[in-house]
Amino acid sequence: MPERRVFVIRHGERCDFAFGKSGLWINSFDSKGRYRPLDINLPRTLPKRPDGWQGFAADTPLTEIGYLQSKLTGRALRDNGIEINHVLCSPALRCIQTTVGLLKGMGLDKRLQFSVEPGLYEWMVWARYARPCWIPPKDLNKLGYPVREDYVPCWTDKELKMSESMVDYYQRSFGSMNKILAEFPEGNILIVAHGASLETCTRQLVGGDIRSTDDFYYLLQNTPYLSCVELSSREGLWRLVGSPIPSFSHTYNRTFDPLQLVTKDLAGLKRERESKDNMRTTQ
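Residues numbered from 1 in each chain as written. Predicted model: local features only at pLDDT ≥ 70, side-chain atom pairs only at ≥ 80, totals over all residues. Heavy atoms only, no water.

Draft legend 1. Quick peek at the environment of Trp-123. Within the secondary structure, Trp-123 is located in the loop between β3 (115–116) and α4 (137–142). Classification of Trp-123 as buried rests on a relative accessible area of 8%. Leaving out residues up to four positions away in the same chain, Trp-123 has contacts with Glu-164, Ser-165, Met-166, Tyr-169, Arg-172, Phe-216 and Tyr-217. A distance of 2.9 Å separates a polar side-chain atom of Trp-123 from the backbone oxygen of Glu-164. (Helix = DSSP H or I, 4+ residues; strand = E, 2+ residues; numbered from the N terminus. Buried < 20%, exposed > 50% of the residue type's maximum accessible area, 1.4 Å probe, protein only. Contact = heavy atoms within 4.5 Å. Polar contact = N/O pair within 3.5 Å; in protein donor to acceptor, adjacent residues only side chain to side chain.)

Here it is as structure tokens:
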């Protein structure tokens, strides 16, 4: 049997995490839902969604840097000779947009469509306060995203349980991967999902046991945006072979306050900055 390869990639930088409690993200909407970005790293425009602009609170888009990250990662995949035949992603908007950026970077955005698979969504415990309402494939197509509308998903959004345990999440990810591999029995597959997906979509596929909660969170905290892992198979046996591309490292760029150049109370500005930094690290 020919070798098969599966690549699992985390999405890019997300608006809500990038701006945290600074208010720049949420305050970019006025009381009528009109959007005007208050930071250059916020998206210039936002797609219309069936649940209104309030839906972005539970289904955040990428930042501008996040989209650039995805295109650069796609370019790295192309430059390293990675061939992709099938593409699937989580229904989260940040994953949809990351997939588009990856395909553009690889030069495949005019040649490949991708399928949206709810079974690849993150652990539902993180959505317990607000079940996300995702943009349907038909609406994504109208927005210009190359999404397959004929794909029959392994899971529907209604089948995802809000009370899902960590073990349930592992099993859902594992089951989704098995169904995807059966649906696409030939060619290389690209999966675009979440930070924990690099673990939960691969662990049992290579014969590993479900990890402890501590180990799970340790891996999650050490899986940055656009991390990539590769699986390879011959004779139906899957093994983890690392990443096909180099790491993507970059520095943190904090918000610039021009008033610091004219104010006399630099000590007060310093205290305010330290307070904001402390709030960000506790998120």
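On we go.
Draft legend 2. Spatial organisation of the sheet that holds strand β5 (residues 228–234). What the 6 strands build is an open sheet, ordered β3-β2-β4-β1-β5-β6; its pairing is mixed. On the outer flanks of this sheet lie β3 and β6 (237–242), each paired with one strand and no other. Sheet topology places strand β2 (residues 86–89) next to β3; 2 bridges connect them, and they run parallel. Following the sheet pairing, Leu-88 is matched in β3 by Ser-115. Across the face of the sheet, helix α3 (residues 93–106) comes into contact with β1 (4–10), β2, β3 and β4 (189–193) while running at roughly 140° to β4. (Pairing = 2+ DSSP bridges. Axes fitted to C-alpha atoms, helices over the stretch in contact; angles between N-to-C directions.)

Draft legend 3. Structural view of a nonpolar patch on the surface. Judged by side-chain polarity, Phe-256, Leu-259, Leu-261 and Val-262 come together as a nonpolar surface patch covering roughly 490 Å² of accessible area. Structurally, Phe-256 can be placed in the loop between β6 and α8 (266–281). Judged by its relative accessible area of 54%, Phe-256 is exposed. (Patch = residues over 30% accessible without salt bridge, like charges linked within 9 Å, V, L, I, M, F, W, Y side chains within 5 Å. Areas by Shrake-Rupley, 256 points an atom, 1.4 Å probe, with all protein chains shown as cover. Salt bridge = Lys/Arg side-chain N within 4 Å of Asp/Glu carboxyl O.)

Draft legend 4. Highlighting the nonpolar core. Ranked by internal contacts, the top residues of the largest apolar core, which has 42 residues, are Trp-25, Ile-84, Leu-102, Met-106, Phe-114 and Leu-190. Breaking this core down by element, the ones donating at least two residues are β1, α1 (15–19), β2, α3 and β4. A per-element tally of this core places α3 first, with 7 residues. Look past the residues within four positions of Trp-25 in its chain and what remains in contact with it is Cys-15, Asp-16, Phe-19, Tyr-35, Leu-42, Leu-46, Phe-56, Thr-60 and Pro-61. Of all hydrophobic cores here, the second largest spans 19 residues; its members include Val-6, Ile-180, Ile-191 and Val-229. (Core = buried A, V, L, I, M, F, W, Y, C linked by side-chain atoms within 4.5 Å.)

Draft legend 5. Region of the structure containing helix α5 (residues 166–183). Spanning 18 residues, α5 covers 26 Å between terminal C-alpha atoms, matching the ideal 26 Å at 1.5 Å per step. Taken as a whole, α5 has its buried residues at Met-166, Tyr-169, Tyr-170, Arg-172, Ser-173, Ser-176, Met-177, Ile-180 and Leu-181. The buried residues of α5 occupy an angular sector of 165° when the element is viewed end-on, so they sit on one face. Of the surrounding elements, those touching the buried residues of α5 are β1, β2, β4, α6 (197–200), α7 (213–221) and β6. (Expected span 1.5 Å × (residues − 1). Arc of directions from axis to C-beta.)

Draft legend 6. A look at the packing of aromatic side chains. Counted according to the given criterion, the structure contains 16 aromatic pairs. With a centroid separation of 5.2 Å and an interplanar angle of 45°, the aromatic rings of Phe-29 and Tyr-35 are classed as tilted. A residue is classified by how much of its surface remains accessible, and Phe-29, at 10% relative accessible area, is buried. Considering the side-chain rings of Trp-123 and Tyr-217, the 6.5 Å spacing of their centres and the 45° angle between planes classify their relative orientation as tilted. Of the two residues, Trp-123 is situated in the loop between β3 and α4 and Tyr-217 in helix α7; the sequence distance between them amounts to 94 residues. For Tyr-217, a relative accessible area of 29% puts it in the partly exposed group. In textbook terms, an aromatic cluster arises when at least three aromatic residues are bridged by ring pairs, as seen for Trp-123, Trp-126, Tyr-169, Tyr-170, Phe-216 and Tyr-217. The ring of Phe-17 is capped by Arg-14, whose NZ or CZ atom sits 3.8 Å from the centre of that ring. (Phe/Tyr/Trp six-rings, centres within 6.5 Å; stacked < 30°, edge-to-face > 60°. Lys NZ or Arg CZ within 6 Å of the ring centre and 35° of its normal.)

Draft legend 7. Representation of the environment of Glu-3. Relative to the elements of secondary structure, Glu-3 occurs in the segment before β1. Taking C-alpha positions, Glu-3 is 19 Å from Cys-201, a pair spaced 198 residues apart along the chain. Among the polar contacts made by the side chain of Glu-3, one reaches the side chain of Ser-232 at a distance of 2.5 Å.

Draft legend 8. Main features of the packing of helix α2 (residues 64–79) against α3. Here α2 crosses α3 at 40°, and the two axes come no closer than 6 Å. Classified by the interaxial angle, the pair formed by α2 and α3 is oblique. Handedness of the α2/α3 crossing: right-handed. Residues Tyr-67, Ser-70, Lys-71, Thr-73, Gly-74, Arg-75, Leu-77 and Arg-78 of α2 form the contact with α3, whose own contacting residues are Gln-97, Thr-98, Val-100, Gly-101, Leu-102, Lys-104, Gly-105 and Met-106. Partitioning the contact of α2 with α3 into residue classes produces 5 nonpolar, 7 polar and 4 charged. (Parallel < 35°, antiparallel > 145°, perpendicular 65-115°, else oblique. Left-handed = near helix turned anticlockwise from the far one by under 90°. Nonpolar A, V, L, I, M, F, W, Y, C, P; charged D, E, K, R; others polar.)

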